[in-house]
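The lines below spell out each chain.
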Amino acid sequence: MRPPRRRGRRALASLAVAASLAAAGLPTIAYSAPPCETPRGFSAQKRLESPDAVVLYRTIPPAIEVGQHFAVEAVVCPTPSDGAASGLRVDARMPEHRHGMNYRARVVKKGDGLYLAEGLLFHMPGLWQLMFDVERGGRTERLMTDIDLE
Amino acid sequence: MNAPRRRLVTRFVRPAARVAAGCAVLVALAGTADLPRVSGNPATTPDTPGATALSPAERRGVLRHGPWPMPATTDRSNRASGDPAAIALGQRLFFDVRLSAGGTVSCATCHEPARAWTDGRARSQGLAALDRNSPTVLNAAHHRWFSWDGRADSLWAQSIQPMLDPREMGATARHVASVIRADAGLACLYGTAYRQAPAAQPDDERVLVNAGKAIAAFVERLDTGKTPFDAYRDALARGDHAAAAAYPTDAQRGLAIFVGKGNCSLCHFGPAFTNGEFHDVGIPFLVAPGRVDSGRHDGIRRLQANRFNLLGPYSDDVSGTTATKTRHVEQQQATFGQFKTPSLRNVALTAPYMHDGRLAPLRDVVRHYSDLDMDRIHTHGEQLLRPLKLSEAEVDAVVAFLESLTSPDATATPAPRSVPGCP
């Protein structure tokens, strides 16, 4: 598996640019994502952020293989304990083929702000979008990342 | 429809795929000469006389169709998996017509070893005419779902289903249990495999399930060996260009199309040449006037209603891991008219083709994808396919490649198995 990579698309494009600039130590656009600390022992593979939310996640196992079930462990900030986020949905799709997964991921809260999404399976090689829908205050915000599977 | 389709084509073919398509066109232009034309693209692999140049992406695409055979595994949901007595029992049951209601058909009626474990018919014939083609059971241990619609989530659940289907073998649990209890050889093997004589098991359904698990244990052993393609793939993996060049050049051309511009390996993925999932490939699903085969859509409904599924009481997997797919599979509108992607191993021996056996010979299947009727693809579903528009030389090449997936042992009848102490 190649490491997940970003592709600028719609609103996400600006976020990706911001993240790149921040990583390079350069001035960024004017928003600051909420602070987000991970529980002890949780080492995120990837950070997704918007002005209102941060998702830190890792996959289990770390390398996604075509045709193999995997899970996603994620931290959402602001956390539910802050009263800011009420839930999380995790899904994926192949935009070029216009289909999603054949499986519905089930998300459970594990405590410490951790969510576990189980039952994901990418059944084809190619570009997938892994999507995190953060629910808060009656609205849903989507953060997503591209994963290119060979 | 037109605009999205054009967009799909331009976006679908990523740079690496464009290279592959370019190579494939060059190969096609080379016609049937002994030495295929070599691309001048510096990204291609070094050439050896007789070897088709592959781009790095194509080479990776070829390599992921192996290694083969895949490692033997046991099915955690089936405690009989890998057990010698259960395998011997399963083998006998597989060929035993007494298991059917009228004593006339067995599993082997639709899965004849000499026909690569198919029946050679377009649509199979059990006790009654069936709607679908019999898929081979070769290499079935590596599948995720079973039957064209994936109605079974384990090989043992799949093995039970034909025994009980009135149109296939028309038996009952009581009938199957009585046959096993009454036959000294079957009863001995059963007792050895399950540590309990069938006569001591009052639950007919438990005996039926154990019969299904024994048949599955036998079928799990029907893995086929290396093919000419595997020899080529392995040579490529170790950088042995001379050995790779022994692979027929027309098959190499077909393989380059398969992993390149054909994008066939998106669905026919991995060492078993199947991603194990379901797609609408433009085959009409009208079975008869007024009757439709909805494929995966109904398959999921039947799976979830099946008391023999991996979420039911008969799974031996206490961890529940093997049932992950069953817990999470989702019936969607797009699953209507989808059928399982079949493995392509030994495909040259398993005509006729498609879920209803409407296409034969193999060349007609390749032509189907070459001339695909997009109006037959569900508009609400995935946009994965497009007509490949292959030349006749390219069709020949793809057929040659598919024929190279034939293993010499695909039509072998397994030798009878004996277990000490059992007649």
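In this text the structure is predicted, and so the values were computed from the model without any measurement.

Calculation criteria
- Residues numbered from 1 in each chain as written.
- Chains lettered and ligands numbered in written order.
- Predicted model: local features only at pLDDT ≥ 70, side-chain atom pairs only at ≥ 80, totals over all residues.
- Helix = DSSP H or I, 4+ residues; strand = E, 2+ residues; numbered from the N terminus.
- Contact = placed C-beta atoms within 7 Å.
- Pairing = 2+ DSSP bridges.
- Axes fitted to C-alpha atoms, helices over the stretch in contact; angles between N-to-C directions.
- Expected span 1.5 Å × (residues − 1).
- Buried ≥ 20, exposed ≤ 12 C-beta atoms within 10 Å, placed from the backbone.
- Parallel < 35°, antiparallel > 145°, perpendicular 65-115°, else oblique.
- Nonpolar A, V, L, I, M, F, W, Y, C, P; charged D, E, K, R; others polar.
- Core = buried A, V, L, I, M, F, W, Y, C linked by C-beta atoms within 7 Å.
- Domains from an automatic or database assignment.
- pLDDT = per-residue confidence, 0-100.

**Regarding the overall build of chain A**
If you tally the helices and strands in chain A, you get 1 helix and 9 strands. Listed by position from the N terminus, the elements making up chain A come as α-β-β-β-β-β-β-β-β-β. The contacts of chain A with a sequence gap of at least 6 include a subset with a gap of at least 24, amounting to 51%.

**Side note on the sheet that holds strand S6 (residues 106–111) of chain A**
Residue and element names in this part refer to chain A. With antiparallel pairing, the 5 strands of this open sheet are ordered in space as S1-S2-S3-S7-S6. Two strands in the sheet have a free side with no partner beyond their single neighbour: strand S1 (46–49) and S6. Here the strands of the sheet are splayed against their neighbours by 25 degrees on average, with no regard to which way each runs. Two strands pair when backbone bridges link them, and S6 and strand S7 (residues 114–120) are joined in this way by 5 bridges, in the antiparallel orientation. Following the sheet pairing, glycine 111 is matched in S7 by leucine 114.

**Quick word on the sheet that holds strand S5 (residues 99–100) of chain A**
All names here are of chain A. If you trace the 4 strands from one edge of the open sheet to the other, you get S5-S4-S8-S9, paired in antiparallel fashion. Taken across any chain shown, the strands that pair with only one partner, and hence form the sheet edges, are S5 and strand S9 (139–149). Pairing of strand S4 (residues 87–94) with S5 involves 2 bridges; the strand directions are antiparallel. Bridge pairing links methionine 94 to histidine 99 in S5.

**As for helix H9 (residues 204–219) of chain B**
For H9 of chain B, with 16 residues, the first-to-last C-alpha span of 23 Å sits near the 22 Å given by 1.5 Å per residue. Among the 16 residues that make up H9 of chain B, 13 are buried, leaving the element largely enclosed by the rest of the structure.

**Overview of the packing of helix H3 (residues 56–63) of chain B against helix H12 (residues 249–259) of chain B**
All names here are of chain B. Orientation of H3 relative to H12, taken along the N-to-C sense of each, is 95 degrees, at an axis distance of 9 Å. Relative to H12, H3 is oriented roughly perpendicular. On H12, the residues that touch Glu58, Gly61 and Val62 of H3 are Leu255, Ala256 and Val259. Partitioned by chemical class, the residues of the contact of H3 with H12 number 4 nonpolar, 1 polar and 1 charged.

**Thoughts on the interface of chain A and chain B**
Taken together, the contacts link 18 residues of chain A with 20 residues of chain B. Looking at the side of chain A that touches chain B residue by residue, the classes come out as 5 nonpolar, 8 polar and 5 charged.

**A look at the nonpolar core**
Counting 89 residues, the largest nonpolar core has Val55 and Ala74 of chain A together with Leu89, Val176 and Ala214 of chain B as the members making the most contacts within it. By residue number, the principal contributor to this core is H9 of chain B, which donates 10 residues. Counting contributing residues, this core receives three or more from each of domain 1 (2–70 + 225–288 + 339–403) and domain 2 (84–219) of chain B. The next biggest cluster of nonpolar side chains, apart from the first, holds 34 residues, and it includes Ala53, Ala244, Ala251 and Leu388 of chain B.

**Description of the pairing of strand S2 (residues 54–60) of chain A**
All names here are of chain A. Counting buried positions over the 7 residues of S2 gives 5, a clear majority of the element. Looking at chain direction, S1 and S2 are connected through 4 bridges and run antiparallel. Note that in S2 the partner of lysine 46 across the bridge is tyrosine 57. Two successive antiparallel strands, S1 and S2, enclose a turn made up of 4 residues. Across 7 bridges, S2 lies against strand S3 (residues 70–77) in antiparallel orientation. From the neighbouring strand, isoleucine 60 faces S3, where its bridge partner is alanine 71.

**Focus: the confidence of the model for chain A**
Should the pLDDT be low somewhere, the predicted coordinates at that spot are not to be read in detail. Residues and elements named next belong to chain A. Looking at chain A, pLDDT values average 79 and 72% of them are 70 or higher. Looking at the elements of chain A, mean pLDDT is at its lowest for helix H1 (residues 10–23), recorded as 41, and at its highest for S2, recorded as 95. Note that residues 1–29 has pLDDT below 50 and, in this model, 30 contacts with residues that lie over four places away or in other chains.

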